[in-house]
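# Inside the fold
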Amino acid sequence: MSDLQIGLIALGVLLILLVLGFNWWQDRRVRRKMQSHFPTSEQDPLLGAGAGAAAGAAAAGGASARREPGMGDAPKAHPEQPKPVDPGSDADDAEEPDPACEVVIEINFAEPVRGADLLPYMQSLRHVGRKPMRVFAETDQRRHRARVHAGESYASMQLAVLLANRSGPLTAIEWSQAWARAQDMAERFDALIEGPDQQAVLEQAARLDDTCAALDTQVGLTLLLGAAQPAAEVLSVARDAGFVADGNRLAWPAENGVARFTLARADGAAFDAGMGGIERLYLLLDVPCSPADSRAFGRMVDVGRELAARLRADLVDDQGKPLADGSETVIDERLQVLFGQLEQAGLPAGSERAQRVFA
């Protein structure tokens, strides 16, 4: 046998050993990830989920189980939403993904990851296309968090993607973008990701969008000021009437802080923008985003008439006609039906869920 043949044989044996070694390393790496995702337990899973849950609670040092919201658990409006607990607290954050209007992608880390390492990537997880995303996480101590804190370490993250809003249902492109960002996190931090099938997600998004489209109603009034009036004067009158700042608009708040209706300039600019005068104002009752009220429209009419008197303006409907006597009563009766339909659909008027999907 020549030296060349011996060399080729030796090279072939070496390549086989390298392949076997690489396969062994890959197998060990995958097993380590699976063990991290599915912790070992002395409890036989065939003996029942209840026993397994009890064993898991004991292993976590008596930690309370996380509560998953159901379709009937309508989130509270934003002003009443409990604030996240301090980092390091033994209590779970109250805010959770909402399965009625969000779909969740799970990211499970092979080893706990420091919050300080995750924070630089949070900006890229705020939205996909026109759909906002929320980030939740579970610490290595099995505590649920509504946001990532630098001083904690996390065993998993959840990306909650909104299924529909006024821009339409979640699209295949938006879902693909969300999945791609989850994959990027998984590659950066050695994690496994899991989530629902794309077709199921798109079908759920389409159903929610159809429901929202059938219930989406806004009622408006217009204030015609005639000659242009100084913006500062108009702003002062509106504030005296009870309006508060809300971005470029002004809002008339309910007792819980949620806007009942809003006041905006016709040009969409902020009230303190520029030196130009104001000739027209819009009052808008965004029905799904406003708390249910037996006089939802009538209340806005009362405030509109007060503003009209103080600004020497005419109050007209969205057709440019003066309001007929008793029209507010008729409209309020119709709105009561709509408030009931929103409640039955799991989208209570003025709730955080309604404000999220009707944004």
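The structure we're discussing is the one just above.
What this report covers is the structure whose coordinates are included nearby. Just so you know, these numbers come straight off a predicted model, no measurement behind them.

### Remarks on helix H4 (residues 172–189)
Between its terminal C-alpha atoms H4 stretches 26 Å, which fits the 26 Å expected from 18 residues at 1.5 Å a residue. All of the buried residues in H4 are Glu 174, Trp 175, Ala 178, Ala 182, Met 185, Ala 186 and Phe 189. Seen from one end, H4 has its buried residues packed into an arc of 125°, which puts them on one side. Exposed residues pointing more than 90 degrees away from the buried face of H4 are listed as Ile 173 and Glu 187. Looking at the residues trailing H4, positive phi occurs at Asp 190, about 55°.

### Looking at the nonpolar core
With 76 residues, the main nonpolar core has Leu 118, Met 157, Leu 223, Phe 243 and Leu 263 as its most contacted residues. Looking at this core, the element that brings in the most residues is helix H7 (residues 296–311), giving eight residues. If we ignore the near neighbours within four places in the chain, the residues touching Phe 243 are Ala 238, Leu 250, Ala 251, Trp 252, Phe 261, Thr 262, Leu 263, Leu 283, Val 303 and Leu 307.

### Quick look at the sheet that holds strand E11 (residues 249–253)
Pairing is antiparallel in the open sheet, where six strands are placed in the order E10-E11-E12-E13-E9-E14. On the outer flanks of this sheet lie strand E10 (244–246) and strand E14 (314–317), each paired with one strand and no other. Averaged over neighbouring strand pairs, the angle between their axes works out to 30° when direction is ignored. Examined bridge by bridge, strand E9 (residues 218–230) and E14 share four bridges and lie antiparallel to one another. Across the sheet, Leu 221 pairs through a bridge with Asp 317, a residue of E14. Packed on one face of the sheet, helix H6 (residues 231–241) meets E9, E11, strand E12 (259–265) and strand E13 (277–286) and runs near 135° to E9.

### Looking at helix H8 (residues 327–344)
Its 18 residues give H8 an end-to-end C-alpha distance of 26 Å, which sits within 8% of 26 Å, the value for a rise of 1.5 Å per residue. Burial in H8 covers these residues: Ser 327, Glu 328, Asp 332, Leu 335, Leu 338, Phe 339 and Leu 342. The buried residues of H8 occupy one face: seen down the axis, they fall within an arc of 120°. Among the exposed residues of H8, those pointing more than 90 degrees away from its buried face are Glu 333, Arg 334, Val 337 and Gln 344.

### A word on a nonpolar patch on the surface
On the surface, a nonpolar cluster with roughly 610 Å² of combined accessible area is contributed by Leu 4, Leu 8, Leu 11, Leu 14, Leu 15 and Leu 18. Relative to the assigned elements, Leu 15 resides in helix H1 (residues 3–37).

### Re the packing of H6 against H7
At a minimum axis distance of 10 Å, the contact between H6 and H7 shows a crossing angle of 140°. Relative to H7, H6 is oriented oblique. By crossing handedness, the relation of H6 to H7 is classed as right-handed. Counting all contacts with H6, which are made through Val 234, Val 237, Ala 238, Asp 240 and Ala 241, the residues of H7 involved are Glu 306, Leu 307, Arg 310 and Leu 311. Partitioned by chemical class, the residues of the contact of H6 with H7 number six nonpolar, no polar and three charged.

### Section: the pairing of strand E3 (residues 131–139)
Side-chain positions along a regular strand alternate between the two faces of the sheet. Of all the nine residues making up E3, seven are buried; the element is thus mostly covered by neighbouring parts of the structure. In this sheet, E3 lies alongside strand E2 (residues 127–128) in antiparallel orientation, the contact comprising two bridges. Note that in E3 the partner of His 127 across the bridge is Pro 132. In sequence, E2 turns back onto E3 through a hairpin of two residues, with Gly 129 there showing a positive phi of about 60°.

### Comments concerning the pattern of salt bridges
Should their charged atoms come close, side chains of opposite charge can pair. The final tally for this structure, using the stated rule, is 21 salt bridges. One salt bridge connects Arg 188 with Asp 184, and the closest N-O pair in it is separated by 2.8 Å. A residue pair is termed a helical-turn pair when its members lie 3 or 4 positions apart in one helix, as Arg 188 and Asp 184 do in helix H4 at four residues. The class for Arg 188 is partly exposed, based on a relative accessible area of 47%. Overall, the relative accessible area of 29% leaves Asp 184 in the partly exposed class. Taken together, the shared-partner salt bridges in this structure form one network comprising Glu 95, Glu 102, Arg 134, Glu 352 and Arg 356.

### A word on unusual backbone geometry
Phi is positive for Arg 142, close to 65°, though the residue is something other than glycine. The residue Asp 190 is not glycine, and still its phi comes out positive at about 55°. As for its position among the elements, Asp 190 is in the loop between H4 and strand E8 (191–194). Look at Asp 190 and you get partly exposed, because its relative accessible area is 27%.

### Thoughts on the packing of aromatic side chains
Scanning the entire structure with this criterion turns up six aromatic pairs. Ring centres 6.1 Å apart and planes at 40° place the aromatic pair Trp 175 and Trp 179 in the tilted group. Of the two residues, Trp 175 and Trp 179 are both situated in helix H4; the distance of four residues between them amounts to about one turn of the helix. Under the relative-accessibility criterion, Trp 175 is labelled buried at 3%. Residue Trp 179 is classed as partly exposed on the basis of its relative accessible area of 24%.

What counts and what doesn't
- Residues numbered from 1 in each chain as written.
- Predicted model: local features only at pLDDT ≥ 70, side-chain atom pairs only at ≥ 80, totals over all residues.
- Heavy atoms only, no water.
- Helix = DSSP H or I, 4+ residues; strand = E, 2+ residues; numbered from the N terminus.
- Expected span 1.5 Å × (residues − 1).
- Buried < 20%, exposed > 50% of the residue type's maximum accessible area, 1.4 Å probe, protein only.
- Arc of directions from axis to C-beta.
- Core = buried A, V, L, I, M, F, W, Y, C linked by side-chain atoms within 4.5 Å.
- Contact = heavy atoms within 4.5 Å.
- Pairing = 2+ DSSP bridges.
- Axes fitted to C-alpha atoms, helices over the stretch in contact; angles between N-to-C directions.
- Patch = residues over 30% accessible without salt bridge, like charges linked within 9 Å, V, L, I, M, F, W, Y side chains within 5 Å.
- Areas by Shrake-Rupley, 256 points an atom, 1.4 Å probe, with all protein chains shown as cover.
- Salt bridge = Lys/Arg side-chain N within 4 Å of Asp/Glu carboxyl O.
- Parallel < 35°, antiparallel > 145°, perpendicular 65-115°, else oblique.
- Left-handed = near helix turned anticlockwise from the far one by under 90°.
- Nonpolar A, V, L, I, M, F, W, Y, C, P; charged D, E, K, R; others polar.
- Phe/Tyr/Trp six-rings, centres within 6.5 Å; stacked < 30°, edge-to-face > 60°.

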